[in-house]
Amino acid sequence: MTPTREILWNINALGPILLYSLMAIPFVFLAFGLARRVRMWRQGQPEDRFDRLGSRIWHAVVMSILHGRIVRRRNLAGGLMHLAIFVGFVTLFIGTVIVMIEADITVPLFGVSFYRGDFFLGYKLAMNLAGVLLILGALAALYRRTVRRPATLDTAGDDIVILAFLIVLSVQGFALQALRMAVTEDPWGRWSFVSYPMAVALSGLPEGWLRGIHLANWYVHFLTNFVFLSYVAYSKMIHPFTSFANVVFRRHQPRGALEPIENLEEAKVLGVGKLEDFTWAQLLNVDACMHCGRCLEYCPTFTTGKPLRPRDLVLELAGYMADRGGIFSGELGQGENSARYRWGAGPDRELIPEVVTPAELWDCTTCGACMEQCPVYIEHVPLIVGMRRNLVLERGEFPEEVTAVFTNLERLGSPYQFPPNQRAAWTKKLDQPVPEMAEVAARGEEVEVLFWVGCLGSFDARNQRTTVALARILQAAGIRFAILGKEECCTGDPARRIGNEYLAQMMAQQAVETLNTYNVKKVVTACPHCFNAIKNEFPQIGGNYEVIHHSQLIHQLLAEGRIQLDPDSALARGKVTYHDPCYLGRYNGEYDAPRAALAALPGLELREMRRNRHASFCCGGGGGRLFMEETRGTRINQARVREAMDTGAELLAAACPFCMTMFEDGIHGVGAEESFTVLDLAEIVAGSMIAPTSPAGGDARPEAATPDRQE
Amino acid sequence: MLTGRYGITSAAAVVVGIALILLSELGGVHAARVFGTALISAGGIALGVLVGLDQPRRSTGLARLRAWRVSLGILAAAITVVPVVVALAAALVALPGAADDGRGGTAVLGTLIALLMLVAAVGCFVLAVRAIRRAARPVTPGDPASAGEE
Ligand code: SF4
Ligand code: SF4
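Residues numbered from 1 in each chain as written. Chains lettered and ligands numbered in written order. Predicted model: local features only at pLDDT ≥ 70, side-chain atom pairs only at ≥ 80, totals over all residues. Heavy atoms only, no water.

## A look at the overall build of chain B
Per the secondary structure count, chain B includes five helices and zero strands. Ordered by position in the sequence, the α and β elements of chain B form the string α-α-α-α-α. Buried positions account for 35% of the 150 residues belonging to chain B. Here the contacts in chain B between residues at least 6 apart in sequence split such that 58% fall between residues at least 24 apart. (Helix = DSSP H or I, 4+ residues; strand = E, 2+ residues; numbered from the N terminus. Buried < 20%, exposed > 50% of the residue type's maximum accessible area, 1.4 Å probe, protein only. Contact = heavy atoms within 4.5 Å.)

## Section: the overall build of chain A
Along the backbone of chain A there are 30 helices and eight strands. Counting only C-alpha atoms and orienting by the principal axes, one finds that chain A spans roughly 100 × 55 × 50 Å. Across the 711 residues in chain A, those meeting the buried criterion constitute 62%. Sequence separation of at least 24 residues holds for 79% of the intrachain contacts in chain A that already meet a minimum separation of 6.

## Re the site of ligand 2
Taken together, 13 residues are adjacent to ligand 2, and Cys289, Cys292, Gly293, Cys295 and Cys374 of chain A come closest. Most atoms of ligand 2, that is more than half of them, are within 2 Å of grid points of the second largest cavity. (Near = heavy atom within 4 Å. 1 Å grid on protein atoms, 1.4 Å probe; cavity = no way out; pocket = protein on both sides within 12 Å on 5 of 7 lines; lining within 4 Å. Sits in = over half its atoms within 2 Å of the grid points.)

## Section: the packing of aromatic side chains
All names here are of chain A. On inspection of all chains with the given rule, the structure shows 22 aromatic pairs over all chains. A centroid spacing of 5.0 Å and a plane angle of 75 degrees characterise the contact between Phe398 and Phe406, whose relative ring orientation is edge-to-face. The structure contains a cluster of three or more aromatic residues connected by ring pairs, namely Phe114, Tyr115, Phe119, Phe120 and Tyr123. Geometry around Tyr377 places Arg69 over its ring, the cationic atom sitting 4.2 Å from the centre. Against the face of Tyr377 rests Arg250, its NZ or CZ located 4.4 Å from the ring centre. (Phe/Tyr/Trp six-rings, centres within 6.5 Å; stacked < 30°, edge-to-face > 60°. Lys NZ or Arg CZ within 6 Å of the ring centre and 35° of its normal.)

## Quick look at the interface of chain A and chain B
Listed by partner, the interface residues are 73 residues for chain A and 73 residues for chain B. A combined buried area of about 6000 Å² lies between chain A and chain B, and 72% of that area is made up of carbon and sulfur atoms. A salt bridge links Arg103 of chain B to Glu185 of chain A; the shortest N-O distance between them is 3.9 Å. The interface formed by chain A and chain B includes 11 residue pairs in polar contact (both at pLDDT 80 or more). When residues in the side of chain A that touches chain B are grouped by element, the largest group, 11 residues, is from helix H6 (residues 157-184) of chain A. Within the side of chain A that touches chain B, the residues separate by chemical class into 47 nonpolar, 16 polar and 10 charged. (Buried area = accessible area lost by both parts, 1.4 Å probe. Salt bridge = Lys/Arg side-chain N within 4 Å of Asp/Glu carboxyl O. Polar contact = N/O pair within 3.5 Å; in protein donor to acceptor, adjacent residues only side chain to side chain. Nonpolar A, V, L, I, M, F, W, Y, C, P; charged D, E, K, R; others polar.)

## Re the site of ligand 1
All names here are of chain A. Neighbouring residues of ligand 1: 13 residues in total, closest Cys299, Cys364, Cys367, Gly368 and Cys370. Where the shell around ligand 1 is concerned, the elements lending two or more residues are helix H12 (300-303) and helix H16 (369-373). Class assignment of the residues belonging to the shell around ligand 1 gives a composition of nine nonpolar, four polar and no charged.

## A look at the side chain of Asn588 of chain A
All names here are of chain A. Within the fold, Asn588 resides in the loop between strand S5 (574-578) and helix H26 (592-599). Side chain to side chain, Asn588 and Asn536 meet in a polar contact 2.9 Å long. Beyond its immediate sequence surroundings of up to four residues, Asn588 is in contact with Phe531, Asn532, Lys535, Asn536 and Tyr583.

## A look at the sheet that holds strand S6 (residues 604-606) of chain A
Think of a sheet as strands paired side by side through backbone hydrogen bonds, with each pair either parallel or antiparallel. All names here are of chain A. What the four strands build is an open sheet, ordered S6-S5-S7-S8; its pairing is parallel. Among the strands making up the open sheet, the edge pair consists of S6 and strand S8 (677-680). Neighbouring strand axes in the sheet, compared pairwise and without regard to direction, differ in orientation by 35 degrees on average. Bridging between S5 and strand S7 (residues 651-654) involves three bridges; their strand directions are parallel. Within S7, the position partnered with Thr577 by the bridge is Leu652. (Pairing = 2+ DSSP bridges. Axes fitted to C-alpha atoms, helices over the stretch in contact; angles between N-to-C directions.)

## Remarks on the sheet that holds strand S2 (residues 481-482) of chain A
Residues and elements named next belong to chain A. Taken in spatial order, the four strands make up an open sheet running S2-S1-S3-S4, and their pairing is parallel. Among the strands making up the open sheet, the edge pair consists of S2 and strand S4 (546-549). In this sheet, S4 lies alongside strand S3 (residues 522-525) in parallel orientation, the contact comprising four bridges. Bridge pairing in S4 links Val523 to Val547. Helix H24 (residues 528-537) contacts strand S1 (449-452), S3 and S4 of the sheet and is inclined by roughly 165 degrees relative to S4. Its contacts with the sheet put helix H25 (residues 550-559) on S3 and S4, and the angle it makes with S4 is roughly 80 degrees.

## As for the domain arrangement of chain A
When the domains of chain A are assigned, the result is domain 1 (14-248), domain 2 (275-394) and domain 3 (403-708). The centre of domain 1 of chain A, based on its C-alpha atoms, is set 53 Å off from the matching centre of domain 3 of chain A. (Domains from an automatic or database assignment.)

## Observations concerning the pattern of salt bridges
All names here are of chain A. Taken as a whole and assessed by the stated rule, the structure comprises 42 salt bridges over all chains. Close ionic contact of Arg595 with Glu608 constitutes a salt bridge, the shortest N to O distance being 2.5 Å. Pair noted here: Arg595 is in helix H26 and Glu608 is in the loop between S6 and helix H27 (636-646), with a separation of 13 residues, a long-range link. Under the relative-accessibility criterion, Glu608 is labelled partly exposed at 32%. The network of salt bridges with common partners includes Arg389, Asp493, Arg496, Arg497, Glu501 and Glu537.

## Some thoughts on a nonpolar patch on the surface
Where nonpolar side chains cluster on the molecular surface, the patch consists of Val38 of chain A together with Ile45, Val49 and Leu53 of chain B and spans about 260 Å² of accessible area. Mapping Leu53 of chain B onto the fold places it in helix H2 (residues 31-53). (Patch = residues over 30% accessible without salt bridge, like charges linked within 9 Å, V, L, I, M, F, W, Y side chains within 5 Å. Areas by Shrake-Rupley, 256 points an atom, 1.4 Å probe, with all protein chains shown as cover.)

## Here's the deal with the pairing of S8 of chain A
In summary, the side chains of a regular strand alternate between the two faces of the sheet. Residue and element names in this part refer to chain A. Residues of S8 alternate between two faces, with Thr677 and Leu679 on one and Val678 and Asp680 on the opposite face, all of them buried. Sheet analysis places S7 next to S8, joined by four bridges and oriented parallel. Within S8, the position partnered with Leu652 by the bridge is Val678. Where the polypeptide runs from S7 across helix H28 (residues 657-669) and back to S8, its parallel neighbour, the crossover connection is right-handed. (Right-handed = clockwise from strand over helix to strand, strands pointing away.)

## What about unusual backbone geometry?
Residues and elements named next belong to chain A. With omega at 15 degrees, the peptide bond leading from Ile352 into Pro353 counts as cis. Relative to the helices and strands, Pro353 resides in helix H14 (residues 351-355). With a phi close to 55 degrees, Asn519 is a non-glycine residue in the positive phi region. Take Asn519: it is sitting in the loop between helix H23 (501-517) and S3. Its identity is not glycine, yet Arg613 carries a phi of approximately 50 degrees, on the positive side. As for its placement among the helices and strands, Arg613 is situated in the loop between S6 and H27. Given the relative accessible area of 30%, Arg613 is considered partly exposed.

## Observations regarding helix H2 (residues 24-41) of chain A
Over its 18 residues, H2 of chain A runs 25 Å from end to end, which matches the ideal 26 Å to within 8%, given 1.5 Å per residue. Among all positions in H2 of chain A, only Ala24, Pro26, Leu30, Ala31, Phe32, Gly33, Ala35, Arg36, Arg37, Met40 and Trp41 of chain A are buried. (Expected span 1.5 Å × (residues − 1).)

## A look at the packing of H6 of chain A against helix H4 (residues 69-99) of chain B
How two helices sit against one another is set out by the angle between their axes and by the gap between those axes. Contact geometry of H6 of chain A with H4 of chain B gives a least axis separation of 10 Å together with a crossing angle of 40 degrees. One finds that H6 of chain A runs oblique with respect to H4 of chain B. Once H6 of chain A is placed against H4 of chain B, the crossing between them reads as left-handed. Contacts from Val168, Val171, Gln172, Ala175 and Leu179 of chain A in H6 of chain A reach Thr80, Val81, Val84, Ala87 and Leu88 of chain B in H4 of chain B. Of the residues that constitute the contact of H6 of chain A with H4 of chain B, the class distribution is eight nonpolar, two polar and no charged. (Parallel < 35°, antiparallel > 145°, perpendicular 65-115°, else oblique. Left-handed = near helix turned anticlockwise from the far one by under 90°.)

Following this line, the structure appears as structure tokens:
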């Protein structure tokens with residue numbers, strides 16, 4: 001006897017007639033919902049995301065199947081839960097298609113049956129396994145949402161209904177199989193390891209009852225499937241479609257590069273003031289959110305109780321878009337799609353401030369933790385900066401403190417009120433002179449590398465110490481370098497992230513012109529913000545250079561033995577923890593070089609903070625926040641300092657002047673000046689250098705670093 | 001849209017598809033089923049896409065659906081769950097009879113599985129009804145600025 005089963009067992013002709021005829025209904029609903037969404041996205045501005053379509057689709061398929069960004073070490077339980085639901089659901093869907101191919105195509109058209117024998121037994125096993133996975137995954141999700149309720153999960157009715165649907169559909173499937181097998185008593189029934197014991201239990205009932213209950217369940221099962229399919233496009237369950245589309249059409253530019261406003265002088269729209277000002281891909285972005293809340297986990301604003309919650313910002317935008325697109329009501333102006341959110345609903349709201357508030361927009365540090373965590377590549381920062389641009393450029397609305405920054409940038413080329421001719425004032429603290437590019441060029445010489453000092457490194461007294469330390473390292477290693485001196489200006493990073501694209505472009509243009517005038521090939525900088533702008537944004541306007549961060553250069557110099565460290569250095573002793581700057585780590589993927597540089601000092605014991613590397617926690621200074629008051633929630637820099645102190649370290653190693661400023665303030669804020677110190681990596685290394693023998697070297701000890709270390 | 005060429009073609013595809021299904025099931029021409037299914041699916045998708053891409057317009061039918069959504073949701077949840085609850089409950093009731101035929105252990109295991117599934121199904125029903133009622137609550141416009149301070 002060949003193992004197989006009768007498809008549509010116990011079902012008379014009415015069953016398939018209803019099943020196939022009613023099939024049109026879920027397809028209409030599903031297609032309507034998807035098309036309505038496409039229509040909504042098309043309200044956005046044009047943007048070319050169709051390049052390399054094949055590889056885009058392939059990547060999305062691989063990401064979906066492997067759950068690459070969903071199952072992560074830090075989200076293992078949630079990731080595996082989703083994987084179980086995904087694998088279970090997809091396998092059961094494929095199983096249904098296989099049955100349809102057998103029943104509707106191969107048998108009636110070609111007289112060929114493949115749904116038998118070993119294939120059939122394997123199929124039964126796989127389907128039972130899939131059903132179990134789906135039920136367990138969905139139960140775990142329900143448990144998380146209704147019992148555990150982590151702070152990052154916001155559960156709406158829809159989330160519960162979807163999970164209930166999945167569980168009930170699977171239970172119906174098992175019940176149907178058990179009822180059938182209770183009557184047919186298949187000798188191979190054991191392969192259905194879940195349904196079989198139920199079939200045995202049910203076999204005590206009269207056959208008529210079993211058939212009756214089976215028939216009722218069959219009809220209800222297919223109707224439940226149809227209702228579920230019809231519901232998909234109007235619920236969170238749309239995410240397999242929208243998230244997949246979002247992964248296909250994700251931005252391929254470096255993550256650290258914000259798109260400039262093209263032809264700024266002639267642009268009709270400055271930033272995003274209304275929904276239609278987003279690009280279509282950004283509208284798809286917000287529609288792809290699957291409400292997982294991962295973007296909240298490392299978000300400094302959420303964790304310090306500020307209004308900005310990246311997930312909610314995205315969902316509010318999505319709800320607003322649905323309201324305006326009439327996605328649920330089929331009637332423009334009648335939707336209440338954002339009813340799941342707190343702030344009201346309806347399409348007649350103004351984007352800013354009624355859907356997204358200025359407070360939310362200004363609180364963002366652009367740290368990128370949300371984008372790093374988001375499993376479906378939603379890019380919150382470009383959305384936020386787009387709206388900031390509108391506030392700044394169209395409405396002239398921005399935090400008061402920023403006014404001086406803009407004025408200084410415009411007049412002096414830096415956010416600070418220092419004249420450009422003071423940019424090189426720090427060089428006086430060095431024994432050896434530091435040449436400026438203008439002199440080098442005048443002598444007809446060339447340098448190996450241009451040292452881009454940055455505004456904080458040039459003017460801020462605390463950060464000047466890092467600058468001096470780095471210069472000493474460069475000199476000790478015998479590197480021919482120069483600075484731009486008074487010709488250096490801001491890269492435009494703070495202005496761009498605050499939303500003043502006009503100033504940002506002006507600064508960047510000026511910087512690129514200067515660099516190109518001197519035919520600069522390689523740039524080193526101690527500032528990850530400058531590093532990111534020069535590396536990722538300057539190419540947008542014709543500035544192409546090899547850019548290295550000082551941590552990378554220091555690591556390289558140590559590896560090549562070009563600088564020697566004193567293993568008994570008093571400075572480099574004890575426990576140290578390292579803070580990953582967002583614009584070095586998350587935006588540019590450099591996590592190892594700073595750690596390797598620290599590891600070169602055997603007296604230092606590196607203690608990692610709980611949130612480190614790609615899951616690092618922002619210092620609170622990015623996105624122009626360094627220049628703004630922190631009036632809402634608790635202080636981000638203090639939260640990070642406390643986390644650093646929790647490691648037991650006495651020294652915090654920084655690699656960014658913004659972080660340095662925030663941490664100095666944070667240490668003061670938590671009252672830990674006596675017990676905890678922050679030093680830049682360059683200060684630690686320079687302070688531990690053995691005086692070089694190279695003729696280019698001078699005294700390797702940074703005059704400022706050592707005394708500051710609290711022993 | 002629906003009255004246009006594509007709309008009429010799509011609707012016609014669905015109608016012809018249904019006719020083919022009738023032919024397949026009542027006339028015994030099973031080879032017609034796949035073509036009927038294909039026409040119904042394609043017609044349904046095309047209709048959905050056409051309406052979806054069209055300008056949103058007032059629809060009293062949808063407005064009525066919205067108005068009744070809580071009752072409809074609860075009714076649908078009940079219809080969905082009742083037959084499977086009956087099936088699973090039947091497994092519990094049938095246990096004494098099934099245990100007699102030498103497969104007692106398997107029958108007990110089956111009853112246990114049925115019981116767990118029963119609990120899951122009923123639990124899902126309760127949670128879904130609560131969720132449906134909650135989701136239908138009117139929105140109270142709030143102050144976005146205070147959202148972070150709740
Ligand atoms: S960029 Fe950082 S601060 Fe801004 S929303 Fe994302 S995680 Fe929060
Ligand atoms: S934006 Fe991304 S990470 Fe945040 S809730 Fe949505 S899908 Fe999850």
